[in-house]
Amino acid sequence: MSTVRMAAVAAPFDRDVEGDFARIEKLVAEARTEGVGLLALPEAALGGYLANLDGDAEGPPALDPAGPEIRRLAAIAGDLVVTAGYCERDGDRRYNSAVCVTGDGMLGHHRKVHQPLSEDASYGAGESFTAFDTPVGRLGMLICYDKAFPESARTLALDGAQIIVCMSAWPGSRTNPSADLAEDRWKRRFDLFDRARALENQVVWLSANQSGGFGDLRFVASAKIVDPGGEVLADTGVGEGLAIASVDVEHALETARRSMAHLADRRPAAYA
């Protein structure tokens, strides 16, 4: 049975890691009540994101991927597959990272590769995209600006990812922001990337995002689930909440790729 009930989160997270864990416990409990098997939390769910993108913001606490916080996240996940973003410590380097866990431990890990504006003043950059197997199917993870580059999701799809989870702290426009966040041009870009990446790779796409505000940033929320045809199955809009949908993943991919198979019909020699 390949039907997976999945949820993408739009919620606020900040420097209060204990408060973040309390929010995560509540979200996991709600998801479990809804019969969810895969829950996607936003970028920087443990410790919050940067207060601005000007290169002078103090970052969140840096955590060891083998440390107690990630073990605690896994324990909270229990029988769910949970993805979440955090600030990773590796020696004297910090990375904007994401982890996928169940109660059995870590299943996958990703360091954000693409860094917008002055994010590189706070974090090192990752160097790869790799899919991995989970109880809900083969998964790939991206973080925020990674999804603006078609190669990111394509690499995961070619590595067999059936589901791609993109975790974001995606804000509204920095210049000429709209008074109505639903009409913000950066929100439109956020939504377009979600639908395009799902459609061009014919994968199931979960997009989680921060909501509310932090520092100078006002996040667009808009957590959603997109099917392999680029259709939005569930969406939180610009508010906090859970976007929940049930998808027969294998059937959805098979149906989407039956006649127009974007991955199989590629002509790599023509792209040099």
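Since we're looking at a predicted model, the values are computed, not measured.

Conventions used here
- Residues numbered from 1 in each chain as written.
- Predicted model: local features only at pLDDT ≥ 70, side-chain atom pairs only at ≥ 80, totals over all residues.
- Heavy atoms only, no water.
- Helix = DSSP H or I, 4+ residues; strand = E, 2+ residues; numbered from the N terminus.
- Buried < 20%, exposed > 50% of the residue type's maximum accessible area, 1.4 Å probe, protein only.
- Contact = heavy atoms within 4.5 Å.
- Polar contact = N/O pair within 3.5 Å; in protein donor to acceptor, adjacent residues only side chain to side chain.
- Phe/Tyr/Trp six-rings, centres within 6.5 Å; stacked < 30°, edge-to-face > 60°.
- Arc of directions from axis to C-beta.

Focus: the environment of Asn209
1) Next: The residue Asn209 is located in strand E9 (residues 204-210) in this model.
2) Next: Given the relative accessible area of 0%, Asn209 is considered buried.
3) Next: It is 12 Å that separates the C-alpha atoms of Asn209 and Leu39, two residues lying 170 residues apart in sequence.
4) Next: Those residues within four positions of Asn209 in sequence are excluded, and the remaining contacts are Val9, Ala10, Ala11, Pro42, Ser168, Ala169, Trp170, Phe190, Val220, Ala221 and Ala223.
5) Next: Here Ala221 takes part through its backbone oxygen, which lies 3.0 Å from a polar atom of the side chain of Asn209.

A few points about the side chain of Thr102
1) Next: Mapped onto the elements, Thr102 comes out in strand E4 (residues 93-102).
2) Next: Residues within four places of Thr102 in sequence aside, it is in contact with Ala74, Ala77, Gly78, Leu80, Val81 and Leu107.

Let's talk about the packing of aromatic side chains
1) Next: Using the criterion set out here, one finds 3 aromatic pairs in the structure.
2) Next: Taking the centre distance of 5.0 Å and the plane angle of 80° together, the rings of Tyr145 and Phe149 count as edge-to-face.
3) Next: The partly exposed category is assigned to Tyr145, whose relative accessible area is 30%.
4) Next: Plain terms: the ring middles of Trp170 and Phe193 are 6.0 Å apart, the flat faces sit at 65° to each other, and that makes the pair edge-to-face. Of this pair, Trp170 sits in the loop between strand E8 (163-168) and helix H4 (185-201) while Phe193 is found in helix H4, placing the two residues 23 residues apart along the sequence.
5) Next: Given a relative accessible area of 9%, Trp170 falls into the buried group.
6) Next: Overall, the relative accessible area of 22% leaves Phe193 in the partly exposed class.

Topic: helix H2 (residues 68-77)
1) Next: Taken together, the buried positions of H2 are Ile70, Leu73, Ala74, Ile76 and Ala77. Buried residues of H2, viewed axially, fall in a sector of 160°; they line one side. The exposed set on the far side of H2, more than 90 degrees from its buried face, consists of Pro68, Arg71 and Ala75.
2) Next: Positioned one or two residues after H2, Gly78 has a phi angle of 55°, which is positive.

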